[in-house]
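# Examining the three-dimensional arrangement
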Amino acid sequence: MKPVIAIPQMGNDLFRKYMKSKYTKSLERAGAAVKWIELDDIEKALTQTMVCDGLLLPGGADINPQMYGEKPDGKCGKPNEIRDTAEPVILRKFLNTKKPVLAICRGIQLLNVYKGGTLFQDIKEEQKFRHMDFLSRAGSTHPVLIDKNSLIYSILKTETINVNSMHHQAINKVGKGLKVAAKSADGYIEAIELESHPFCIGVQWHPEHMSKKSNEQRELFNAYIAASKSN
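By convention here, each chain's residues receive numbers from 1 onward along its written sequence. With pLDDT at 70 or above as the cut-off, local features in this predicted model cover only qualifying residues; side-chain atom pairs require 80 or more to be listed or tallied, and sums for whole chains, interfaces and linings still use all residues. Hydrogens and water molecules were not included; the side-chain quantities draw on all heavy atoms of the structure.

### Here we look at the sheet that holds strand S1 (residues 4-8)
- Two strands qualify as a pair provided DSSP detects at least 2 bridges between them. What counts as a helix is a DSSP run of H or I of at least four residues, what counts as a strand is a run of E of at least two, and both are numbered from the N terminus. Strand order across the open sheet formed by nine strands is S2-S1-S3-S4-S11-S10-S9-S6-S7, with mixed pairing between neighbours. Since the sheet does not close on itself, it has two edges, and those belong to strand S2 (33-37) and strand S7 (160-163), each with one partner. Across the sheet, the mean angle separating the axes of adjacent strands is 25° when strand polarity is ignored.
- The pairing of strand S4 (residues 101-104) with strand S11 (residues 200-203) spans four bridges and is parallel. For Leu102, the partnering residue across the bridge sits in S11 and is Ile201.
- Lying on the sheet, helix H2 (residues 42-50) is in contact with S1, S2 and strand S3 (54-57); it crosses S2 at an angle near 170°. To get an axis, fit a line to the C-alpha atoms, keeping to the stretch in contact for a helix; angles then go from 0 to 180 degrees between the N-to-C directions. The contact rule is simple, with two residues in contact once any of their heavy atoms fall within 4.5 Å.

Take a look at the structure:
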């Protein structure tokens, strides 16, 4: 029986349907089924999520800076209030199950904020590599340096990997209990892990756009689904 992965709903306009298809196909290639969770009713969303074998927090809109004690600086995009409200509630309860969590782009930022961390609201003026490069989403934009003492290193088995990049925000202060597992060559945090959890990984890049051709990104999904099967 295939493990079922819960993903909070991103929306159903044409662009988001395209983006959603990349998560679905990557997870299906790894041997899983996908359950998109509607968020307008939090209690129903919790009920549907908790019976799933894994949780994937996907990319999307900027997180409201009020969630990490700041005011929008003018460069922060319009937040998705439904996701900002529902996803921390879902994440809190799901983490208690010790089932696997994979957090991607916005997802890594949400995980960090949930654990008390903060974000850079915009990195465009400071970055040395292009961190917002939608046109290169199926290829790679910049290198990432991976800590050898990390779960993600044990999965990817490399200290350096080239990734795509579609973000203008990044982790600033790291949340409680989170370990930095990878950084970009210009110093931005690209992966984190929750040390008290058997499998809770956040990545700033978009492995779902690379997994069809990239062995490393495919292995990330394979490891995530293998962990979901064990639960």
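### Things to note about the pattern of salt bridges
- Whenever Lys or Arg places a side-chain nitrogen within 4 Å of a carboxyl oxygen from Asp or Glu, that contact is recorded as a salt bridge. Applying the stated rule across the entire model yields seven salt bridges.
- The closest approach of N and O atoms between Arg106 and Glu87, which form a salt bridge, is 3.1 Å. Placement of Arg106 in helix H4 (residues 106-114) and of Glu87 in helix H3 (residues 81-95) is noted, with a sequence separation of 19 residues between them. With respect to class, Arg106 is no different from Glu87; both count as buried.
- For Asp133, the salt bridge is made with Arg130, and the minimal N-O distance between the two is 4.0 Å.
- Under the relative-accessibility criterion, Asp133 is labelled buried at 9%. A simple rule labels every residue: compare its accessible area, found with a 1.4 Å probe on the protein chains alone, to the largest value its type can have, and call it buried under 20%, exposed over 50%, or partly exposed in between.

### Here's the deal with the packing of H2 against H3
- Axis separation between H2 and H3 bottoms out at 10 Å; the angle between their running directions is 40°. Compared by their axis directions, H2 and H3 come out oblique. Of the two possible hands of crossing, H2 and H3 adopt the one that is right-handed. Taken together, the residues of H3 that come into contact with H2 (itself represented by Ile42, Ala45, Leu46, Thr49 and Met50) are Thr85, Ala86, Val89, Ile90, Lys93 and Phe94.
- Along the lines of polarity and charge, the residues of the contact of H2 with H3 split into eight nonpolar, two polar and one charged. Should an angle lie under 35 degrees it is considered roughly parallel, over 145 roughly antiparallel, and from 65 to 115 roughly perpendicular; all remaining angles are considered oblique. Crossing handedness follows the turn of the near helix against the far one: under a right angle anticlockwise gives a left-handed crossing, and clockwise gives a right-handed one. Under the scheme applied here, ten amino acids are nonpolar (Ala, Val, Leu, Ile, Met, Phe, Trp, Tyr, Cys and Pro), four are charged (Asp, Glu, Lys and Arg), and all others, including Gly, are polar.

### Here we look at the side chain of Ser150
- Structurally, Ser150 is set in the loop between strand S6 (142-146) and helix H5 (151-156).
- Here Ser150 falls in the buried class, since its relative accessible area comes to 9%.
- Those residues within four positions of Ser150 in sequence are excluded, and the remaining contacts are Lys179, Ala181 and Glu193.

Without other data, these values stay purely geometric and don't point to any function.
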